[in-house]
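# Examining the three-dimensional arrangement
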Amino acid sequence: MAGYRRKSKKSGQYFAVGFAVFLLVYIGSQLWGFANIKLRTEQVLDDTIYDFVRAEATVFRSEEIIPQTTSGVTVYNYADGEEVAKNQQVAAVYQDKTVSMVNNQIEQLQKELESLSKAQTVKATRYSAVTNLSSQINDQAGKIVDFAADGVVEGIAEQKEEFVSLLNRKKIALGEEDTFAERITQLNSEIAYLQKAKQKEKGVSIDAPAAGYFCKEVDGYESILTSEALEDIDYAGYQQIVSQQPQATGNTVGKIVKTHVWYLGVDLENSQAQKFEIDDNVKIDFKFANGQTVAAKVVNIIPDDERKNSVIIFECKDITDQLLNVRKQSVDIIFTTYSGLRISSKALYHEQNIPGVYVLDKTTIRFKPIEIIKDNGNYILCEPRAGTDDQHTLNRLDMVITESGGIEMKDGVLLDEDTVKGVESSNASS
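Residues numbered from 1 in each chain as written. Predicted model: local features only at pLDDT ≥ 70, side-chain atom pairs only at ≥ 80, totals over all residues. Heavy atoms only, no water.

Let us now look at the overall build of the chain. When helices and strands are counted, the chain shows nine helices and 20 strands. Burial status across the chain gives 36% buried among its 430 residues. Counting only contacts in the chain whose residues sit at least 6 apart along the sequence, the fraction spanning at least 24 positions is 77%. Accessible area for the chain stands at about 25200 Å²; split by element, carbon and sulfur atoms hold 49% of it. (Helix = DSSP H or I, 4+ residues; strand = E, 2+ residues; numbered from the N terminus. Buried < 20%, exposed > 50% of the residue type's maximum accessible area, 1.4 Å probe, protein only. Contact = heavy atoms within 4.5 Å. Areas by Shrake-Rupley, 256 points an atom, 1.4 Å probe, with all protein chains shown as cover.)

Next up, the structure:
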C-alpha cells in the first residue's frame, strides 16, 4: 500500500506541474493578446473605380495604301498621325543615305531647340517653379523606369526628351543657367544650314493619294477590315471578315487614314453584351497602346442566330500616332464610373439602420453617416449623408476607425491622451 501511495503522489506532482505550465502559457497568451489590441485608423481618400468589360477588339478604318514606286532611301516629311492634304508630298526617295542622315540631324536639333525654348519660359517664375519642377522630374524618372521594367520600347524616347526638357527648365529656375539664348542661336543656324544642304539633293516625290492622316505602318488589313465592310453586316459575316489573313501589299511608303472616324468591334457573350445599348457612351482603354483611353459610342449590336453571343460595334473619333498602329488588341470597355470617398469595409457601422463610420477627431470619437456609392468588397466608395451638420460630415483625410481595440464605439466618446498616442494609422489600401 505504501508503494502505491508513493506512486500516486508522484503522479499528482506531475499533474500539478503540467497544469501550472498550461496556466502560465494561457495567461501569457491572453496578456500578450490584450497588449496587442490597439485602436487602428485609416485615412479617407478620394478614389475612382470603374465597371468594365475586357475583350479582344478589332479596329476598322477607311484607309488607302501609298505604294513605293522607286527604290532607294525613303525620307518622310510627316510623322504618324499628322494630317495631310491630297497630292501633298509625304515622302521622297533618294539614291543614297545622305538626305536621310541630314533629316535625322535636323530632327534632333529641332527637338533640342524646342526643349531649350520651353525652358526659357521658367525664368519669370523662377523661384515658385522649383518645387513643382522637382516633383515633375521625379514623376518623369518614374515613368522611364516603369517603361524599362515593363520592356516597353515604344514611347520611351519621348519620355526621355521630356525628362531632359524638365532638367533644363530646373537649371533656369535655380539660376544655374541664366539663359540658353546663345545655344538657341547656334541651333537655328545649324538647322538652316542643313535644310539648304538637303534642298540640293533631288529625290522622287511620293504624294498622298487622298486627304487624311498619315501612317507609316501597313499591316495588310487595309482592304479587309474597312469601315465600309461593317455596313449591313450580320454576325456570320463579321466572323468571316475578322478571321481573314492579311493580304500581301508589296513595297509601300505607308498609308492614308481617310477620316478621323473609325470603328471597333468586340464579340461578347450575351451576359456581357446585354450591358450595352445603342447610343451608349463608353470609354475604351487601350492598355497596350501606351495606355490611351478614347471616348466611344455604341452604334450597332449584332446578335448571332442562337442569341448566345453578340458583336458590339463602337464608333470612335480620336486619332493619335499610337492608335493608328492598333488593329487587334485586348481592351477594357468602361461603361460606368464611380467617384467618391474611399473607406475600408471594416470601418462600416450601422446606427439606427443608417450606414456610417466612426472617425477619430483629435481625442473624440464621432459617428459620421454616409451614402454608399459602390461596395467593392474590401473597400467602399461613399459620400457624406445629406443634411448632416459640419461636425458629423465625412471629409477627405478624416481618420476612420477600422479596429476599435475594445473601445466603445459611440458618438462623443472621449479618449485619454495615452490611447490616442497608441493609435496605429494607415492609408486606405486596396
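Read on, since the account is not over.
Glancing now at the pattern of salt bridges. For the structure on display, the rule yields 18 salt bridges. Residue E222 pairs with K255 through a salt bridge whose shortest N-O separation is 3.0 Å. With E222 in the loop between β8 (212-215) and α6 (235-242) and K255 in strand β9 (residues 252-257), this residue pair connects regions lying 33 residues apart in the sequence. Looking at K255, the relative accessible area reads 1%, which means it is buried. Taken together, the shared-partner salt bridges connect R61, E63, D219, E222, K255 and R327 into one network. (Salt bridge = Lys/Arg side-chain N within 4 Å of Asp/Glu carboxyl O.)

L264, V266, I284, F286 and F314 are the most contacted members of the largest nonpolar core, which has 23 residues in total. Counting only elements with at least two residues in this core, the list comes to β2 (45-60), β10 (262-269), β11 (281-286), β12 (292-303), β13 (309-316) and β14 (328-344). Discounting residues that sit within four places of it in the chain, V266 has contacts with A55, E56, A57, Y238, S310, V311, I312, F314 and I333. (Core = buried A, V, L, I, M, F, W, Y, C linked by side-chain atoms within 4.5 Å.)

Each aromatic ring pair is described using two quantities: the centre-to-centre distance and the angle formed by the ring planes. One pass over the structure, following the stated rule, counts seven aromatic pairs. Relative to Y238, the ring of F60 lies with its centre 5.9 Å away and its plane at 45°, an arrangement referred to as tilted. With F60 in strand β2 and Y238 in helix α6, the pair connects residues that are 178 residues apart, well separated along the chain. Across the pair, Y238 and F60 agree in class, each one buried. Both rings, one in Y358 and one in F367, keep their centres 5.0 Å apart while their planes meet at 55°; by these two values the pair is tilted. Side by side, Y358 and F367 carry an identical accessibility label, which is buried. Between the NZ or CZ atom of K216 and the centre of the ring of Y76, over which it lies, the distance is 5.1 Å. The aromatic ring of Y379 is capped on one face by R342, whose charged end is 3.6 Å from the ring centroid. (Phe/Tyr/Trp six-rings, centres within 6.5 Å; stacked < 30°, edge-to-face > 60°. Lys NZ or Arg CZ within 6 Å of the ring centre and 35° of its normal.)

Ordered by their spatial adjacency, four strands build an open sheet running β3-β9-β8-β5, and the pairing between neighbours is antiparallel. In this open sheet, the two strands that pair with only one neighbour each are β3 (63-67) and β5 (83-84). Examined bridge by bridge, β8 and β9 share three bridges and lie antiparallel to one another. Of the residues in β9, the one forming a bridge with F214 is I256. (Pairing = 2+ DSSP bridges.)

Right, let's get into the sheet that holds strand β7 (residues 204-207). The strand order β4-β6-β7 describes an open sheet built from three strands, whose pairing is antiparallel. The open sheet has two edge strands, β4 (73-76) and β7, and neither has a second partner. Within this sheet the neighbouring strands show an average axis-to-axis angle of 30°, counted without direction. Across four bridges, strand β6 (residues 89-94) lies against β7 in antiparallel orientation. Looking at the pairing, Q89 lines up with D207 of β7. (Axes fitted to C-alpha atoms, helices over the stretch in contact; angles between N-to-C directions.)

Attention shifts here to the environment of A91. Looking at where A91 falls in the secondary structure, it is placed in strand β6. When its relative accessible area of 0% is taken as the criterion, A91 is described as buried. Once the C-alpha coordinates of A91 and G254 are considered, the two residues, 163 residues apart in sequence, prove to be 9.6 Å apart. Once residues within four sequence positions are removed from consideration, A91 is found in contact with T74, V75, Y76, N77, V204, S205, I206 and V253.

On to the side chain of T74, then. Topologically, T74 is positioned in strand β4. Exposure remark for T74: the relative accessible area of 18% places this residue in the buried category. In terms of polar contacts, T74 uses its side chain to reach the side chain of Q68, at 3.3 Å. Every residue in contact with T74, bar those within four places of it in the chain, is listed here: Q68, A91, A92, V93 and V253. (Polar contact = N/O pair within 3.5 Å; in protein donor to acceptor, adjacent residues only side chain to side chain.)

So, about the side chain of K368. Examined against the element boundaries, K368 turns out to sit in strand β17 (residues 364-375). Among the residues examined, K368 registers a relative accessible area of 5% and is labelled buried. Polar side-chain contacts of K368 include one of 2.9 Å to the side chain of D398. Apart from residues lying up to four places away in sequence, K368 is in contact with G356, V357, V359, Q391, H392, T393, L394, N395 and D398.

The next subject is the confidence of the model for the chain. In this model, the chain carries a mean pLDDT of 82, and residues with pLDDT of at least 70 account for 73%. Taken as a whole, residues 1-8 scores under 50 in pLDDT and shows zero contacts with residues more than four places along the chain or in a different chain. Residue range residues 25-36 is modelled with pLDDT below 50. Its contacts to residues more than four positions away, or to other chains, number zero contacts. (pLDDT = per-residue confidence, 0-100.)

This next bit is on α6. Three or four residues apart is the spacing at which side chains of an α-helix point the same way, because the helix has 3.6 residues per turn. Of the residues making up α6, those classed as buried are Y235, Y238, I241 and V242. Each buried residue of α6 sits inside an arc of 125° when the element is viewed along its axis, so together they form one side. In the core, the buried residues of α6 are packed alongside β2, β10, β12, β13 and β14. (Arc of directions from axis to C-beta.)

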